[in-house]
Amino acid sequence: MLNIGDWKAVKIGDMTAVGYVSNIINFSWHSKRVELTKVIWIKDNKYMLKKPSPGIFTEEQLEPIGDFWDKHQDKSTLIDLALKTGDKEWFKELTGEKQKWHTVEQ
């Protein structure tokens, strides 16, 4: 079952985008469209953090990310991602609340 907040990947041309499910739209009684807010783009095994941007996909287009986060446990990258997505709770969890959210938000 797909839920808001799930992390998924989607192929777009020769790139893969990784993002989180930000909305699930009932398209008809038998199908859904999924809004995926893309935050990481992957091409030739190079990762680019980008400004979050939503896109609409079918559930079938989305792929599980598997152990993606386990492979990328660079905490500074995850902190940057929490800042880019505006996820205050995740940011606090990653930093141990040692830094103040409003300081880095400016």
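What counts, and at which threshold
- Residues numbered from 1 in each chain as written.
- Predicted model: local features only at pLDDT ≥ 70, side-chain atom pairs only at ≥ 80, totals over all residues.
- Heavy atoms only, no water.
- Helix = DSSP H or I, 4+ residues; strand = E, 2+ residues; numbered from the N terminus.
- Buried < 20%, exposed > 50% of the residue type's maximum accessible area, 1.4 Å probe, protein only.
- Contact = heavy atoms within 4.5 Å.
- Pairing = 2+ DSSP bridges.
- Core = buried A, V, L, I, M, F, W, Y, C linked by side-chain atoms within 4.5 Å.

A few words on the environment of Asn3. Considering the arrangement of structural elements, one finds Asn3 in the segment before strand 1 (7-12). The exposure class of Asn3 is partly exposed, given its relative accessible area of 37%. Along the sequence, Asn3 and Ser22 sit 19 residues apart, while their C-alpha atoms lie 8.8 Å from each other. In contact with Asn3, other than residues within four places in its own chain, are Val21 and Ile24.

A word on the sheet that holds strand 4 (residues 46-58). Strand order in the open sheet made by the 5 strands is 4-3-2-1-5, with antiparallel pairing throughout. Sheet topology places strand 4 and strand 5 (63-64) at the edges, where each strand pairs with a single neighbour. In this structure, strand 2 (residues 15-28) lies alongside strand 3 (residues 31-43), joined through 11 bridges in antiparallel fashion. The partner of Ser28 across the bridge, within strand 3, is Ser31.

Take unusual backbone geometry next. With phi around 50°, Asp44 is a residue other than glycine that occupies positive phi space. Inspection of the secondary structure assignment puts Asp44 in the loop between strand 3 and strand 4. With a relative accessible area of 64%, Asp44 lands in the exposed category. For Asn45, which is not a glycine, the phi torsion comes out positive at approximately 60°. With respect to the element layout, Asn45 can be found in the loop between strand 3 and strand 4.

Before going further, it helps to spend a moment on the environment of Lys32. Within the secondary structure, Lys32 sits in strand 3. Beyond its immediate stretch of four places on either side in the chain, Lys32 contacts Ile24, Ile25, Asn26, Phe27, Thr58 and Glu59.

The next point concerns the nonpolar core. Judged by nonpolar contacts, the single largest core of 14 residues is most densely connected at Val18, Ile40, Phe68, Trp90 and Leu94. Put simply, the parts of the chain that give this core at least two residues each are strand 3, helix 2 (75-85) and helix 3 (88-95). Looking at which element gives the most residues to this core, the answer is helix 2, with 4 residues. The residues contacting Phe68, other than those within four sequence positions of it, are Val18, Ile40, Ile42 and Tyr47. Grouped together as the second largest cluster of nonpolar side chains are 10 residues, Met15, Val34, Leu36 and Trp41 included.

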